[in-house]
Amino acid sequence: MSFDSEFISNSAPAALLAISGTELLANARSLLTQCGYKVRAASNHEDFISRVTRTRYEVVVIEETFASEGIEENASLYALQQMSMNERRGTSVILLGPSFQTLNPLQAFQQSVHAALNPEELESLGPIAQQAVTNNGLFNEVFLSTEQRLATGAAYPAPAV
């Protein structure tokens, strides 16, 4: 596999697609490209794991049956679920599948992803991706600011009594 030097610049955020269906893949690619993402697609589980561990993607869209018969055999989803928080912190994961109700927070939580999306509502992918990125950033803001303060040795103000 050749080195993908297109991601070296910070000109556009990166998105990774793990979708088996060609029509669904083309539609998702088009929708994310319209939102300003540099979109890459994984062809199989090995390719997906290689890409997601080498590059920090802002958005990952993974189909529940990507390169598998069902969600239980989806090695790419399993690898994402097993990644440490430090490896996943900057990435918003959207799980795509007909067994999901769009933006159902319990289904997303159950699968350790940021959002669930039913393919019938794929046209909402752009706004859902932007919402997932925003929510992920807000969620991590406190952690990141604390981490920054610890790294610089900044003292915390005394609590108000």
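Residues numbered from 1 in each chain as written. Predicted model: local features only at pLDDT ≥ 70, side-chain atom pairs only at ≥ 80, totals over all residues. Heavy atoms only, no water.

Undergrad: It is not clear to me how the pairing of strand S1 (residues 14-18) should be interpreted in this structure. Could you clarify?
TA: Looking along a regular strand, one sees the side chains alternate between the two faces of the sheet. Taken across its five residues, S1 has five buried, putting it largely inside the fold. Burial of S1 is two-sided: the residues Ala-14, Leu-16 and Ala-18 facing one way and the residues Ala-15 and Leu-17 facing the other way are all buried. For the crossover from S1 across helix H1 (residues 22-34) to strand S2 (residues 38-41), the handedness is right-handed. Here S1 pairs with strand S3 (residues 59-63) via four bridges, running parallel. In the strand pairing of S3, Leu-16 is matched with Val-60. (Buried < 20%, exposed > 50% of the residue type's maximum accessible area, 1.4 Å probe, protein only. Helix = DSSP H or I, 4+ residues; strand = E, 2+ residues; numbered from the N terminus. Right-handed = clockwise from strand over helix to strand, strands pointing away. Pairing = 2+ DSSP bridges.)

Undergrad: Would you take a moment to explain the environment of Tyr-37 for this structure?
TA: Along the polypeptide, Tyr-37 turns up in the loop between H1 and S2. Tyr-37 sits in the buried class, given a relative accessible area of 7%. The sequence separation of Tyr-37 and Ser-11 amounts to 26 residues, and the corresponding C-alpha distance is 9.6 Å. Those residues in contact with Tyr-37 that sit more than four places away from it in its chain are Pro-13, Ala-14, Ala-15, Leu-32, Glu-58, Val-59 and Val-133. (Contact = heavy atoms within 4.5 Å.)

Undergrad: In this structure, what is going on with the sheet that holds S1? I would like to understand it.
TA: Here we have five strands laid out as an open sheet, ordered S2-S1-S3-S4-S5, and parallel in their pairing. Edge positions in the sheet fall to S2 and strand S5 (115-117), since each has one partner strand and no second. For this sheet, the mean inter-axis angle between neighbouring strands, taken without regard to orientation, is 20°. Here S3 pairs with strand S4 (residues 92-96) via five bridges, running parallel. Looking across to S4, one finds that Val-61 is bridged to Ile-94. On top of the sheet, helix H2 (residues 45-54) reaches S1, S2 and S3; it is set at about 160° to S1, its chief contact. Against the sheet, helix H3 (residues 75-82) makes contact with S3 and S4, and its axis sits at roughly 140° relative to S3, the strand it touches most. (Axes fitted to C-alpha atoms, helices over the stretch in contact; angles between N-to-C directions.)

Undergrad: Help me understand H1, please; the structure alone is not making it clear to me.
TA: Given 3.6 residues per helical turn, the α-helix brings residues three or four places apart onto the same face. Along its 13 residues, H1 runs 18 Å from first to last C-alpha, staying within 8% of the 18 Å computed at 1.5 Å per residue. Those residues of H1 that sit buried are Leu-24, Leu-25, Ala-28, Leu-31 and Leu-32. With its buried residues spanning 135° around the axis, H1 presents them on a single face. For H1, the exposed residues set more than 90 degrees away from the buried face come down to Thr-22, Glu-23 and Gln-34. Where the residues of H1 are buried, they touch S1, S2, S3, S4 and helix H6 (125-152). Where H1 ends, the next residue or the one after it, Gly-36, has phi of about 95°, a positive value. (Expected span 1.5 Å × (residues − 1). Arc of directions from axis to C-beta.)

Undergrad: How should I be thinking about the nonpolar core in this particular structure?
TA: Nonpolar side chains tend to gather and get buried jointly when the protein is soluble and globular. Counting 20 residues, the largest nonpolar core has Leu-17, Ile-19, Leu-32, Val-61, Ile-94 and Leu-125 as the members making the most contacts within it. Every element with two or more residues in this core is listed here: S1, H1, S3, S4, S5 and H6. By residue number, the principal contributor to this core is H1, which donates five residues. With residues near it in sequence (within four places) discarded, Ile-19 still touches Leu-24, Leu-25, Ala-28, Val-61, Glu-63, Phe-66 and Leu-96. Counting residues in each nonpolar core, the second largest holds 19 residues, with Phe-66, Met-83, Phe-100 and Ala-116 among its members. (Core = buried A, V, L, I, M, F, W, Y, C linked by side-chain atoms within 4.5 Å.)

Read these as spatial facts, not as claims about activity.
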